[in-house]
Amino acid sequence: MFSRILASATLALLVGCQTTSSPDAAKPTWDRGYMYLLNVAGNEFCGYYVDHRYTQVCMRNLSDAARDSGKKFPVVVFLHGCLKFDGDYGRWLAKLGNIVFSPDSFQRTGRTSQCSRGASKGHILSMRQSEITYAREQLEKLDWVDQSRVFLVGTSEGGRAVADHSGAGYKAKIILSYDCGRGPVKGSLPVLNLVGKLDLEWGNGLCVVSGPNSFAFNVPDRGHTFLGDQFASEKIKMFLGQFN
């Protein structure tokens, strides 16, 4: 009887470990996350699951274009917030001229939303870190990606994950709707931090950033979400434009 209980507890522990940080657990967040890319007419060209056949066609076309032109393409990895996967952010960033991959953390087995600031989020944040790492590993396999220009972007809970990440493998970070506890961002990468001036979560605080290529701004007249805002759009384009 005791041996069966011990075996069950061990199995539960292993499953729990897989849920938080193992590569196998992060795989569905990538495969069932989305890729966003606009065509020259400004219409959405790719907007499907990463493992969808249409997305695979898009990526083959990018591979051909990179081979023919001799130029590879920068990529943005975007992390959504705590409530749900939101494709509007990926489409917004794509409209600003970026190729975007957005992992979906809620594709994990048993993944639930934990948005309360009082909730214990340690295991959730551990999941998000593994998703960042897994996404970067997958991008390394794509011959059309400019591996020197992969950017990490996140909003709210995703912004916290970006702030807490060392930045290994990434060129720069963009942290949206999170103020880093009004402290410094982890790592030494260039950073853009945007927080709504009317954000009830963070009280218009900002991360502490340093260096000539790092910036922090409050978005005027906006709260926790400023999706598509002109001021925010201009700052994002300005920031990423430094690395062209």
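In this text, all values refer to a predicted model and were calculated from it rather than measured experimentally.

A.B. asks: Could you give an account of unusual backbone geometry, naming the residues involved and the relevant values?
C.D. replies: Here the phi dihedral of serine 156 falls at roughly 55 degrees; this positive angle occurs in a residue that is not glycine. Along the chain, serine 156 falls in the loop between β5 (145–155) and α6 (157–164). The buried category is assigned to serine 156, whose relative accessible area is 14%. For cysteine 180, which is not glycine, the phi dihedral falls at a positive 60 degrees. With respect to the element layout, cysteine 180 can be found in the loop between β6 (172–176) and β7 (191–196).

A.B. asks: Before we move on, could you go through the packing of helix α5 (residues 122–139) against α6 and cite the residues and values that matter?
C.D. replies: Between α5 and α6, the least distance of the axes is 9 Å, while the angle of their chain directions is 70 degrees. Here α5 is positioned roughly perpendicular relative to α6, judged by the angle of their axes. You can see that α5 and α6 cross each other, and the crossing is right-handed. Two secondary-structure elements touch here, α5 through Ile124, Leu125, Arg128, Gln129 and Ile132 and α6 through Glu157, Gly158, Arg160, Ala161, Val162 and Asp164.

A.B. asks: Go over the packing of aromatic side chains with me, naming the residues and quoting the values.
C.D. replies: Evaluation of the coordinates by the stated rule reveals 14 aromatic pairs. Plain terms: the ring middles of tyrosine 34 and tyrosine 49 are 4.9 Å apart, the flat faces sit at 45 degrees to each other, and that makes the pair tilted. Of this pair, tyrosine 34 sits in strand β1 (residues 34–38) while tyrosine 49 is found in strand β2 (residues 44–49), placing the two residues 15 residues apart along the sequence. For tyrosine 49, a relative accessible area of 25% corresponds to the partly exposed category. In this structure an aromatic cluster arises from ring pairing among Trp30, Phe73, Phe101 and Trp144. Sitting over the ring of tyrosine 49, arginine 32 keeps its end group 3.6 Å from the ring centre.

A.B. asks: Could you give an account of the sheet that holds strand β3 (residues 73–79), naming the residues involved and the relevant values?
C.D. replies: What the eight strands build is an open sheet, ordered β2-β1-β4-β3-β5-β6-β7-β8; its pairing is mixed. Taken across any chain shown, the strands that pair with only one partner, and hence form the sheet edges, are β2 and β8 (215–219). On average, each strand axis in the sheet is tilted by 15 degrees relative to the strand beside it, whichever way the strands run. Looking at chain direction, β1 and strand β4 (residues 100–102) are connected through three bridges and run antiparallel. When the bridges of β4 are listed, methionine 35 appears paired with phenylalanine 101. The strands touched by helix α4 (residues 87–95) are β1, β2, β3, β4, β5 and β6; relative to β1, the strand with the most contacts, the crossing angle is about 30 degrees. Against the sheet, α6 contacts β3, β5 and β6, and its axis sits at roughly 130 degrees relative to β5.

A.B. asks: Any details on the environment of isoleucine 132? Residues and values, ideally.
C.D. replies: The residue isoleucine 132 is located in helix α5 in this model. As a C-alpha pair, isoleucine 132 and glycine 169 span 37 residues in sequence and 9.9 Å in three-dimensional space. Apart from residues lying up to four places away in sequence, isoleucine 132 is in contact with Leu79, Leu152, Ala161, Val162, His165 and Tyr170.

A.B. asks: Describe α6, with residues and values.
C.D. replies: Within α6, six of the eight residues are buried, leaving the element largely enclosed by the surrounding structure. When α6 is considered as a whole, its buried residues turn out to be Glu157, Gly158, Gly159, Ala161, Val162 and Ala163. Looking at the buried residues of α6, the elements they touch are β3, α5, β5 and β6.

A.B. asks: Help me get a handle on the state of the cysteines, residues and values and all.
C.D. replies: Under the definition given, this model contains three disulfides. Residue cysteine 46 pairs covalently with cysteine 58 via a disulfide, S to S 1.7 Å. With cysteine 46 in strand β2 and cysteine 58 in helix α3 (residues 53–69), this pair connects stretches of sequence that are twelve residues apart. Residue class for cysteine 46 comes out buried when judged on its relative accessible area of 0%.

A.B. asks: Got a sec to walk through the pattern of salt bridges? Specific residues and values, please.
C.D. replies: Going through the model one piece at a time under the given rule, you end up with 13 salt bridges. Residues aspartate 68 and arginine 67 are paired through a salt bridge, measuring 3.7 Å at the closest nitrogen-oxygen approach. Judged by its relative accessible area of 61%, aspartate 68 falls in the exposed class. Judged by relative accessible area, arginine 67 falls into the exposed class, the value being 57%. Across the pair aspartate 179 and arginine 182 runs a salt bridge, and its minimum N-O distance is 3.7 Å.

Rules used in this analysis
Residues numbered from 1 in each chain as written. Predicted model: local features only at pLDDT ≥ 70, side-chain atom pairs only at ≥ 80, totals over all residues. Heavy atoms only, no water. Helix = DSSP H or I, 4+ residues; strand = E, 2+ residues; numbered from the N terminus. Buried < 20%, exposed > 50% of the residue type's maximum accessible area, 1.4 Å probe, protein only. Axes fitted to C-alpha atoms, helices over the stretch in contact; angles between N-to-C directions. Parallel < 35°, antiparallel > 145°, perpendicular 65-115°, else oblique. Left-handed = near helix turned anticlockwise from the far one by under 90°. Contact = heavy atoms within 4.5 Å. Phe/Tyr/Trp six-rings, centres within 6.5 Å; stacked < 30°, edge-to-face > 60°. Lys NZ or Arg CZ within 6 Å of the ring centre and 35° of its normal. Pairing = 2+ DSSP bridges. Disulfide = S-S within 2.5 Å. Salt bridge = Lys/Arg side-chain N within 4 Å of Asp/Glu carboxyl O.

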